[in-house]
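Residue-level listing of the chains:
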Amino acid sequence: MCGIVGYVGHGNAKEIIIDGLKKLEYRGYDSAGIAVVQDGKILLKKHVGGIANLENLIGDDPMTSSTGIGHTRWATHGAPSDINAHPHCNEAGNISVVHNGIIENYAELREMLERDHNVKFKSETDTEVIAHLVGINYEGDLEDAVYKTVGQMRGAYAISVIAASEPGKIVAVRKDAPLVVGLGKDAHFIASDIPALLKYVKEIYFIENNEFVVLTPESAKIYDEDRNEIHREVFHVTWDADAAEKEGYDHFMLKEIYEQPKALYETLTRRLDENGTIKLDGIKMTKEDIEGFTKIYIVACGTAYHAGLVGKYIIEKLAKVPVEIDVASEFRYRDPFIDDKTLFIAISQSGETLDTLAALREAKRKGARVLSVVNVVGSSVARESDDVFYTWAGPEIAVASTKAYTTQLMCMYLIGLHMGYEKGTITRDYYDKFIADLAEIPDLLKMCLGNKGYIEGLSKMLYNKEQVFFIGRGLDSAVSYEGSLKLKEISYINSFAIAAGELKHGTIALMEPGTLVLSLATQDFLYEKMLSNIEEVKARGAHVFSIAKEGNTSIESKSNEVIYIPACRDELTPLLSVVPLQMFAYYVAKERGCNIDKPKNLAKSVTVE
Ligand code: AGP
């Protein structure tokens, strides 16, 4: 949550920072601001709303400085407003701070600052305490002041600080919130995520927890908590800025839906050798390790959790090992039974989700082996895991996750197949055929994208429903949860997913004439059962829109509309059936005039509890 960008060099800081903030708006977009050091003073501009509002506010104001910090906010403490927007300054106005995260002891720090230093707070944010503390601790050396301040703070944070009397310097620090440094020629950058910097640099330092960074135009130095300098390997970014552009699509979400065939192809083929065998590359998990696992936990949040629901089915089926699945915010506080025979699989697109990270740490502390499925290289989850299974989705910008989900599913199949083969619970013949079927998925998914026109038309007809139910059985039930989340997060329709067999235990009471039900009936062995469930809701007047496999045409007489996905083995239908659900959510949200890429109250990367 929240995006930070900072620049020191010889260029125009304002332009570079605004450019970078635009690439980070997916992290939060309720207000934005910038502070630069100019003529021995801090110049500050901030405004509620997106970066465009900030640009209008700045207008032609001459901000010619070449040192500055900027921020795009996702509110935690204090409503979105001009005053609560970052950067925040101390009372003298000679220190300015941007912050991502939460200062847990901010209330006691605020009280101390009001009582002992007579500080008059302007905002309701936790961040403002940092600005005042740095101001009070400042005796002419910004590094000293930031070190002292961090010693007084508890919580999760990435902060960047500038001082009016030290032009050409940014001091930053991180704990449980991401920060990267960009290495330019006579210029250095700091940001919450790489896309903010790609226009300017390809060489990056990843900053680790409890590390401090001091940037000047000439140098980028990293120090530990005891102020020892740290040598960091340079990371070369291989993708370019275009990957994070809309390329003619109306929204990033639509572009990312269309990128799924490529993303799935990449995620699969990068893990296969010339014999069609899954290669582990950097993954150190041996056959003995796999045989030794008595239990697997899959833990994640939101869409990544829904990928885990499919993972549970697949891994249990292929590797014959019990798999428990949990949302990270519950797992981390429920004292789960874990030992050194436990494999913990964390799934996270961003690799920065705080709940997932905390659950991972808890599992590690109890002795589990940690394998993560992550999209962002070098992210916190990736760095803290024993092994990483990367998805090759490329940058996902829309808040609503699409290609990250399907590539996470691809990883679930590959993990299940690899474990099953190593354990001998599946034969080589079964393994080869399964992989051959996976290899066809990118083309089959392209066929699903062909339903665009039909789904768009349907959305125009159904967009004004105020309540929608998603039902399915088995793997279809797992996909129902994802379809429902997609619809609610971008269209704000009250949608609800339930295992179809559970309907009669309560939820069917909500069926009324016209209630919209999206029914998934892609599992051959459950098809008849699903038809009965559809009959049940139809009998109460529901409007049923079904997703079924090509050939299963008997569903047509029981549904108002049907979309067919290409025939494939039952285990693989989630990779295809989710596509019409993503498109339906997209076109309904468009019809309702919603802000699709930046839905209200949400942010792409959730680095707070
Ligand atoms: C998906 O559409 C959501 N925006 C959200 O549920 C997301 O999947 C969740 O916050 C987890 O994020 P992560 O994969 O980056 O950990």
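None of these values were measured; they are calculated from a predicted model.

Structural notes on the site of the ligand
Thinking step 1. Lining the immediate environment of the ligand, one finds 15 residues, of which Ser348, Gln349, Ser350, Thr353 and Glu489 sit closest.
Thinking step 2. Between the ligand and the protein, one listed contact pairs an oxygen atom with a side-chain N or O atom of Ser350 at 2.6 Å.
Thinking step 3. The separation between a nitrogen atom of the ligand and a polar main-chain atom of Val399 is 2.9 Å.
Thinking step 4. Here the ligand loses 90% of its free accessible area of 420 Å² to cover by the protein chains.
Thinking step 5. Judged by the fraction of its atoms near the pocket grid, the ligand is located in the second largest pocket.
Thinking step 6. Within the residue set of the shell around the ligand, elements represented by two or more residues are α9 (302–319) and α16 (475–491).

Some details on the layout of surface pockets
In this approach a probe as big as a water molecule rolls over the atoms, and the regions it shows empty are the leftover space.
Thinking step 1. Approximately 630 Å³ is the volume found for the second largest pocket.
Thinking step 2. Every residue lining the second largest pocket is counted, 29 residues in all, and those nearest its centre are Cys301, Gly302, Thr303, Lys604 and Val606.
Thinking step 3. Within the residue set of the lining of the second largest pocket, elements represented by two or more residues are α9, β18 (342–348), α11 (354–365) and α16.
Thinking step 4. Taken together, the residues that form the lining of the second largest pocket break down as 13 nonpolar, twelve polar and four charged.

Here's the deal with the environment of Asp273
Thinking step 1. Positionally, Asp273 belongs in the loop between α7 (260–269) and α8 (287–292).
Thinking step 2. Separated by 149 residues in the primary sequence, Asp273 and Glu422 place their C-alpha atoms 16 Å from one another.

So, the domain arrangement of the chain
Frequently, the measure chosen for interface size is the accessible area that the parts lose on association.
Thinking step 1. What the domain assignment lists for the chain is domain 1 (3–240), domain 2 (246–448) and domain 3 (452–591).
Thinking step 2. Here domain 2 and domain 3 have C-alpha centroids that lie 25 Å from each other.
Thinking step 3. The interface of domain 2 with domain 3 comprises 35 residues on the first partner and 28 residues on the second.
Thinking step 4. When domain 2 packs against domain 3, close to 2,700 Å² is buried across both sides, 71% of that on carbon and sulfur atoms.

Some thoughts on the pattern of salt bridges
Thinking step 1. Under the criterion given, the structure shown has 46 salt bridges.
Thinking step 2. Between Lys366 and Asp335 there is a salt bridge; the shortest N-O distance is 2.6 Å. A residue pair is termed long-range when its members are at least 10 positions apart, and Lys366 in the loop between α11 and β19 (369–374) and Asp335 in the loop between α10 (328–331) and β18 qualify at 31 residues.
Thinking step 3. A relative accessible area of 58% places Asp335 in the exposed class.
Thinking step 4. Each member of the salt-bridge network shares a partner with another, and the members are Glu143, Asp144, Glu166, Lys169 and Arg227.

About the criteria used
Residues numbered from 1 in each chain as written. Predicted model: local features only at pLDDT ≥ 70, side-chain atom pairs only at ≥ 80, totals over all residues. Heavy atoms only, no water. Near = heavy atom within 4 Å. Polar contact = N/O pair within 3.5 Å; in protein donor to acceptor, adjacent residues only side chain to side chain. Areas by Shrake-Rupley, 256 points an atom, 1.4 Å probe, with all protein chains shown as cover. 1 Å grid on protein atoms, 1.4 Å probe; cavity = no way out; pocket = protein on both sides within 12 Å on 5 of 7 lines; lining within 4 Å. Sits in = over half its atoms within 2 Å of the grid points. Helix = DSSP H or I, 4+ residues; strand = E, 2+ residues; numbered from the N terminus. Points joined across faces, edges and corners; volume = space filled by probe spheres on them. Nonpolar A, V, L, I, M, F, W, Y, C, P; charged D, E, K, R; others polar. Domains from an automatic or database assignment. Contact = heavy atoms within 4.5 Å. Buried area = accessible area lost by both parts, 1.4 Å probe. Salt bridge = Lys/Arg side-chain N within 4 Å of Asp/Glu carboxyl O. Buried < 20%, exposed > 50% of the residue type's maximum accessible area, 1.4 Å probe, protein only.

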